[in-house]
Amino acid sequence: MFKLPKNKSRITGGVVTAFACAVFVLFFSCETDVEEPIIIATFPLESGGILYGNWTPIKIGFSTPMAEADAAYLADAVKVRDHNYVAVSGAVTWEENAVYFQPAEKWQTGEKYTCFINGVFSALDGRVAVIKTELVFYAVSGLEVEAELPPVPEIEEVFFLRKTGDGGYEESLYDVDEYLNNVIEGECGLKIRFDEEMDFSELRKSLHIEPYRNYDIKVIDNRTLDIYFKAGVNPLKKISFTVQADMHSFLGEELKQDYEFTFTEWKSGFELSAMVVLQNVEYEDQDNELPIDLFKEKRFQVGAELYDNEMIIDFTYRFNVPLDLAAAIDSLSKIKLIADDERVEITPRLQEIGLFNIEYDQTWTDMEYGTLEDPYRYLIVIPGGIDGLNDGKGHYLKEDINVMLDVVDWDEIDPDRK
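Note that this is a predicted model, so its numbers are computed, not measured.

**Student:** An account of the overall build of the protein is requested, with residue identities and associated values reported.
**Tutor:** Across its full length, the protein holds 4 helices and 29 strands. A burial count over the protein gives 48% of its 418 residues as buried. A fraction of 67% describes how many contacts in the protein between residues 6 or more apart in sequence connect residues 24 or more apart. Accessible surface, the protein: about 21,500 Å² in total, of which carbon and sulfur atoms supply 48%.

Shown next, in the form of structure tokens:
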């Protein structure tokens, strides 16, 4: 942090230091690969900017890690003059990848100043940046702007970008509520628009992607960023991209909060193909397979069967693809049998599961039951969505499935089987 002279306040009246204006700089390199240009961000603004505060320093920051310049060289490369072209005395220092000019005496309110920057700076990666520019600004005492604090910047809108066949990007509004709707396929990204002009000089300090992967940044203007990234080889369930609150506006105000945008590489291509209840006679001619298209509108009559002194029901689930072992165990543990009847006093218990390639079995015990005229009602709840059933290979069940059951005594359904 830049240190101020003793008994001197950088800002009075509650106004913070501002950093602004992205400037592209010429650079020379021995490398043949195309590289992003070195960008400087300065405070005050390049054309007619206002410097708030009596002792606020001028800053020239770099977008690329730079080698620290010699103090004598800095003093020669950065000079400030007033409107009469009289030199302003001050100290030029290097700190945290930036050059600062601190005036020896406080800025004069209403005065027009010009900062002349003319120097050659070396990046740590070997490139050499030539900076030659002039920054015109006006000084305003912090006391005079006490009632007008700079606005707190926010992100006002975000678009999800998908690369099209012609090399462009299709924009759609980002769904902030459901990251499973933001499916990464191929090359894609985000367009982020702020409601204030922002300091983009040190972007990567304020941007974070988890789990980490390479991404590219394109500054569209002082309020807009495009972020580009690609789908990975192995589909990830959740990817988050965060714009941290320490990103600040030209006037030095930090963002109101962290903003997190989430994505998935999973797809909703996992389906329940069939469900079988062994203790069922209504669809016995269909191998006890319940019609999936009737799940939302019909209750299926099933029997609680006495087996080894316990009342049980057996279910079999078939999916459109085989599950790996871990996904099969996880999915069967998520499928629940719950009572949908106030008369049921005991919660059903999952007694065992069976894994037979494309068939996955559950046996539930502690079943209670009613009569054919007045059965007890239960629900099989099969959760969908990004946290529901999945095949362990990047595909999930799109929606919840609820199967309504009327449970009676199996011996009453089929007395001949006693």
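The discussion continues.
**Student:** Explain the nonpolar core to me, using residue names and the numbers behind them.
**Tutor:** Core analysis: the biggest nonpolar cluster contains 35 residues, and Phe 315, Tyr 317, Met 367, Ile 380, Ile 382, Val 403 and Leu 405 have the highest contact counts within it. Those elements that provide at least two residues to this core are strand E20 (272-277), strand E22 (299-307), strand E23 (310-319), helix H3 (325-334), strand E26 (359-365), strand E27 (376-382) and strand E29 (401-409). Ranked by residue count, the leading element in this core is E23, at 5 residues. Dropping the residues within four chain positions of it, Met 367 is found in contact with Ala 304, Met 311, Ile 312, Ile 313, Leu 337, Pro 348, Tyr 378 and Val 407. With 29 residues, the next largest nonpolar core counts Ala 77, Val 92, Tyr 113 and Leu 135 among its residues.

**Student:** An account of the confidence of the model for the protein is requested, with residue identities and associated values reported.
**Tutor:** For the protein, mean pLDDT is 85; residues scoring 70 or higher make up 88% of the total. Overall, residues 1-34 carries pLDDT values under 50, and its contacts beyond four positions in sequence, including any with other chains, amount to 101 contacts.

**Student:** Can you break down a nonpolar patch on the surface residue by residue, with the values?
**Tutor:** Side chains of Leu 325, Ile 329, Leu 350, Ile 353 and Leu 355 sit close together on the surface and give an oily, nonpolar patch of about 400 Å² of accessible area. The set of elements that each furnish at least two residues to the nonpolar patch consists of H3 and strand E25 (349-356). The dominant element in the nonpolar patch, judged by the number of residues it contributes, is E25, at 3 residues. Within the secondary structure layout, Ile 329 lies in helix H3.

**Student:** Can you break down the side chain of Asp 199 residue by residue, with the values?
**Tutor:** Structurally, Asp 199 is set in the loop between strand E13 (187-194) and helix H2 (203-206). Engagement of the side chain of Asp 199 in a polar contact is seen with the side chain of Ser 201, the distance being 2.8 Å. A distance of 2.8 Å separates a polar atom in the side chain of Asp 199 from a polar atom in the side chain of His 248.

**Student:** Describe in detail the packing of aromatic side chains, supporting the description with residues and values.
**Tutor:** The relative placement of two aromatic rings is captured by the distance of their centres and the angle of their planes. Per the counting criterion, the structure on display carries 19 aromatic pairs. Ring geometry for Phe 160 against Phe 263: centres 5.4 Å apart, planes inclined by 40°, an arrangement best described as tilted. Of this pair, Phe 160 sits in strand E11 (residues 155-163) while Phe 263 sits in strand E18 (residues 259-263), and the two are 103 residues apart along the sequence. Between Phe 270 and Phe 319, the aromatic rings sit 4.9 Å apart at their centres with planes inclined by 25°, giving stacked as the arrangement. One end of the pair, Phe 270, is in strand E19 (residues 267-270); the other, Phe 319, is in strand E23, with 49 residues separating them in the sequence. In terms of burial, Phe 270 and Phe 319 fall into one category: buried. Each residue in the set Phe 160, Tyr 174, Phe 229, Phe 261 and Phe 263 is aromatic and connected to the rest through ring pairs, giving one cluster. For the cation-ring pair, Arg 81 lies above Tyr 85, with the distance from its terminal atom to the ring centre recorded as 4.5 Å. In this structure, Arg 204 packs its charged tip against the face of Tyr 215, placed 4.6 Å from the ring centre.

Rules and cut-offs
- Residues numbered from 1 in each chain as written.
- Predicted model: local features only at pLDDT ≥ 70, side-chain atom pairs only at ≥ 80, totals over all residues.
- Heavy atoms only, no water.
- Helix = DSSP H or I, 4+ residues; strand = E, 2+ residues; numbered from the N terminus.
- Buried < 20%, exposed > 50% of the residue type's maximum accessible area, 1.4 Å probe, protein only.
- Contact = heavy atoms within 4.5 Å.
- Areas by Shrake-Rupley, 256 points an atom, 1.4 Å probe, with all protein chains shown as cover.
- Core = buried A, V, L, I, M, F, W, Y, C linked by side-chain atoms within 4.5 Å.
- pLDDT = per-residue confidence, 0-100.
- Patch = residues over 30% accessible without salt bridge, like charges linked within 9 Å, V, L, I, M, F, W, Y side chains within 5 Å.
- Salt bridge = Lys/Arg side-chain N within 4 Å of Asp/Glu carboxyl O.
- Polar contact = N/O pair within 3.5 Å; in protein donor to acceptor, adjacent residues only side chain to side chain.
- Phe/Tyr/Trp six-rings, centres within 6.5 Å; stacked < 30°, edge-to-face > 60°.
- Lys NZ or Arg CZ within 6 Å of the ring centre and 35° of its normal.

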